[in-house]
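Coordinates in review
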Amino acid sequence: MTGCAGFGVEYRSSEHLPSNTDSWWDNVLGVAQFGRPAADSVSLPVPAVTVALPPLAEQPCTCEIWRAAGPLQSGQIGAVRYRASSQLLFGCIVVPESDSSSNGRAGPSALERTTSQAYAEIFRALDALGYPQLVRIWNYVSAINQAVGEGERYWQFNSARQECFLQRAEYSWNNVPAASALGSAAGSPLVIYFIASTSAMRTIENPRQVSAYRYPAKFGPRSPLFSRAAQLPETAGAPLLISGTASIVGCETVHPDNVAAQTRETLTNIDTLLATARSENGGHAYSVEQLSYKVYVRRPTDLQAISQELGNFLGTQTPVIFLRADICRRELLVEIEAVGAARPPAH
Ligand code: 3EB
């Protein structure tokens, strides 16, 4: 197998994972577990990272399972655990905030130091392993909306992230991975997991939205650095990884008090991104019904309204999971990310 064959995501409750010796695991790259894995669960045979965001579902733990065609190899470099095919790598790192070594009184905050440490470890692992291109990255930051100084903790995270990327030759303002950054409970460690590739990706921006790296300073002194979507190399359906997407038009939050309208605006943003991906990238037939969705919900009581809007837009056949999370602007009530492959271009 070559390229990104077999690449994709699947969602399952922890209770429904096959036993460790099952061949089902052979082409699993890694797992993110949302919520509380069963106390008696044995460690999984692939890298697994636990994120303290509870699923809004009956089961206490939802697994996001990433696959790629094998053979796959696992290992650990520094604090980064990984598993990789010849082209794609899944990696994860957990850094408690207090663990980050202090450099005295002034200078960067604990969250900035922790973020810089995590990204330094990630880049060191990718350098050592030869997967230089980060394609998609998930950042789970505790107390993300908490006020600090002039801003919020999210701003501190953004400062450190921007500095880390811009120090690297592989990245520039308009060539950065797709991302999500969500808030977990205060006291949770910084949890980051990611997909990296041996070859270059293509990034896609949304014409309805100002690129995040161009957000004006009122959203923080150093802008968030991520692209709206990343497309893996042009093999096997050109998989598209869509960043966390919210009710933002231009650079402003719209419908601050209306969760149904925020959900519709978010889905319009995703739809627009797919149209852009189709027109820029050789007519790959991406469609909203063919993606898998992960929905972050600020207030559990909004679940029904959000779920109803999604149903109207996507029908009921589309894989969707819902997680309780803080979103990086206080007025945002919902954020949605997605992943999927295309049908081949029509000739
Ligand atoms: C936005 O569009 C909403 O900081 O990595 C979405 C996806 C958002 C990723 C990030 C933030 C991030 O600005 C928030």
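Report on the accompanying structure. In every chain, residue numbers begin from 1 and rise along the written sequence. pLDDT decides what is reported in this predicted model: residues at 70 or higher carry local features, side-chain atom pairs at 80 or more are listed and counted, and totals for whole chains, interfaces and linings draw on all residues regardless. Side-chain descriptors were evaluated using all non-hydrogen atoms of the structure, hydrogens and water having been removed beforehand.

**Examining the site of the ligand**
For this purpose, a residue is taken to be near a molecule or strand whenever a single non-hydrogen atom of the residue falls within 4 Å of it. The full set close to the ligand counts 13 residues, and Tyr-154, Arg-161, Tyr-215, Arg-228 and Gly-244 are the nearest of them. In this structure, Tyr-215 approaches the ligand through a side-chain N or O atom, which is 2.7 Å from an oxygen atom. The term polar contact refers here to a pair of N or O atoms within 3.5 Å; inside protein, the definition further demands a hydrogen-donor-capable atom paired with an acceptor-capable atom, and it admits residues adjacent in sequence only when both atoms are side-chain atoms. The side chain of Arg-228 places a nitrogen or oxygen atom 2.8 Å from an oxygen atom of the ligand. A cavity here means a set of points on a 1 Å grid, drawn over the protein atoms and nothing else, where a 1.4 Å probe fits but cannot get out; a pocket is an open set with protein on both sides within 12 Å along at least five of seven lines, and a residue lines either one if it has an atom within 4 Å of a point. If over half the atoms of a molecule are within 2 Å of the grid points of a cavity or pocket, the molecule is regarded as sitting in it. Cavity membership is defined here by more than half of the atoms lying within 2 Å of grid points; on that basis the ligand lies in the largest pocket. Those elements that place two or more of their residues in the shell around the ligand are helix H2 (153-166) and strand S11 (178-184). Numbering of helices and strands runs from the N terminus, with a helix taken as a DSSP run of H or I at least four residues long and a strand as a DSSP run of E at least two residues long. It is S11 that contributes the most residues to the shell around the ligand, 3 residues altogether. Residue classes in the shell around the ligand are distributed as 8 nonpolar, 2 polar and 3 charged. Throughout this entry, Asp, Glu, Lys and Arg are counted as charged residues, while Ala, Val, Leu, Ile, Met, Phe, Trp, Tyr, Cys and Pro are counted as nonpolar. The remaining residues, Gly among them, count as polar.

**Re the environment of Ile-77**
Position of Ile-77 among the secondary structure elements: in strand S5 (residues 73-77). By relative accessible area, Ile-77 is classed as partly exposed at 23%. Taking the C-alpha atoms as reference, Ile-77 lies 28 Å from Asn-174; in sequence the two are 97 residues apart. Ignoring any residue separated from it by four or fewer positions in sequence, one finds Ile-77 in contact with Tyr-82, Glu-121, Ala-125, Ala-128 and Leu-129. Burial here depends on accessible area, computed with a 1.4 Å probe over protein chains only, as a share of the maximum for the residue type. Under 20% is buried, over 50% is exposed, and the range in between is partly exposed. Contacts are assigned to residue pairs with any non-hydrogen atoms lying within 4.5 Å of each other.

**So, the sheet that holds strand S1 (residues 8-13)**
Two strands are said to pair when DSSP picks up at least two bridges between them. Here 4 strands make up an open sheet; going across it, the order is S1-S4-S2-S3 and the pairing mixed. Each edge of the open sheet carries a strand with a single partner, namely S1 and strand S3 (48-51). In this sheet, adjacent strand axes meet at a mean angle of 20° when their direction is disregarded. As paired elements, strand S2 (residues 28-35) and S3 share 4 bridges and run parallel to each other. From the neighbouring strand, Gln-33 faces S3, where its bridge partner is Thr-50. Note on method: axes are straight lines fitted to C-alpha atoms, helices fitted across the in-contact stretch only, with angles between N-to-C directions ranging 0 to 180 degrees.

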